[in-house]
Amino acid sequence: LSIRRQRQMCIRDSSCGGDDDNSSIILGCTDPTSINYDANANTDDGSCIDETTYSLIGTWSGTVTDTEDNSQGQLTLVLNSNATGSIDVVWSEDDIFSDNFTWTSNDTQIITVSDTDNEGDEVLNYSFVDQNTLEISSTDDDDSSTLTRQ
């Protein structure tokens, strides 16, 4: 998932791609490590966003869909600065899942969640849409959610 701003301008007053002048400038983020890298851009316009400026720390919430039965639940994910966290998913009044965990994120776009019951680690992939919106998915299944910072 990436955010892209792409603009094209002609260097000369030809119709960009005309026979007499094939040169055009495509403005965008040219840093391949940036979350909004634009492979089509050939001139950096200063719009690159460094994902490390966004913090995972906080409370995130959104809707999660169970791919087995298409039921939806309300998810709240808390990531604390001391590497602890909690998750709550309310599927219905009488079906609530809650858990506490520890977490690390040493690699860009990967969160490793260690269940406090020692049931094993789960790896979550994430990408920021913007500083207050997070796309998150599990490597164990095809479930994904868009979460917003609370």
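Model, not experiment: these values are computed from the prediction.

Novice: Looking at this model, I keep getting lost on unusual backbone geometry. Mind explaining?
Specialist: Backbone geometry follows two general trends: most residues other than glycine have a negative phi, and most peptide bonds adopt the trans configuration. Although it is not a glycine, Asn-70 sits at a positive phi angle of roughly 60°. With respect to the helices, strands and loops of the structure, Asn-70 is situated in the loop between strand S4 (58-65) and strand S5 (72-79). When its relative accessible area of 58% is taken as the criterion, Asn-70 is described as exposed. Of note, Ala-83 is a non-glycine position whose phi angle comes to about 70°, a positive value. With respect to the helices, strands and loops of the structure, Ala-83 is situated in the loop between S5 and strand S6 (84-92).

Novice: Even after reading the chapter, I still don't get the packing of aromatic side chains, so can you show me in this structure?
Specialist: To describe a pair of aromatic rings, one takes the distance between the centres and the angle between the planes. Here the structure, examined in full by the defined rule, presents two aromatic pairs. On the basis of an interplanar angle of 55° and a centroid distance of 6.2 Å, the ring pair of Trp-60 and Phe-128 is categorised as tilted. On the criterion of sequence distance, the pair formed by Trp-60 in strand S4 and Phe-128 in strand S9 (residues 121-130) is long-range, its members being 68 residues apart. According to the relative accessible area criterion, Trp-60 is buried, its value standing at 0%. Phe-128 sits in the buried class, given a relative accessible area of 3%. Geometrically, the ring pair formed by Tyr-126 and Phe-128 is edge-to-face, given 5.9 Å between the ring centres and 85° between the ring planes. The exposure class of Tyr-126 is buried, given its relative accessible area of 9%.

Novice: Any chance you could explain the pairing of strand S7 (residues 95-104) here in plain terms?
Specialist: Within a regular strand, the side chains alternate between the two sheet faces. As paired elements, S6 and S7 share eight bridges and run antiparallel to each other. Paired with Ser-86 across the bridge in S7 is Asn-100. As consecutive antiparallel partners, S6 and S7 are separated by two residues.

About the thresholds
Think of each chain on its own: its residues are numbered from 1, step by step along the sequence as written. Reporting of local features is limited, given that this is a predicted model, to residues whose pLDDT is at least 70; pairs of side-chain atoms are given and counted only at 80 or more, and all residues count toward the totals for whole chains, interfaces and linings. By convention in this description, side-chain values take in all heavy atoms of the structure and omit both hydrogens and water. Secondary structure elements are taken from DSSP: a helix is a run of H or I of four residues or more, a strand is a run of E of two residues or more, and numbering for both begins at the N terminus. Exposure classes here rest on a 1.4 Å probe applied to the protein chains alone. A residue is buried below 20% of its type maximum, exposed above 50%, and partly exposed in between. Think of it this way: a Phe, Tyr or Trp ring, Trp meaning its six-membered ring, pairs with another when their centres are within 6.5 Å, and the plane angle makes it stacked under 30 degrees, edge-to-face over 60, tilted otherwise. When DSSP finds two or more bridges between a pair of strands, those strands are recorded as paired.

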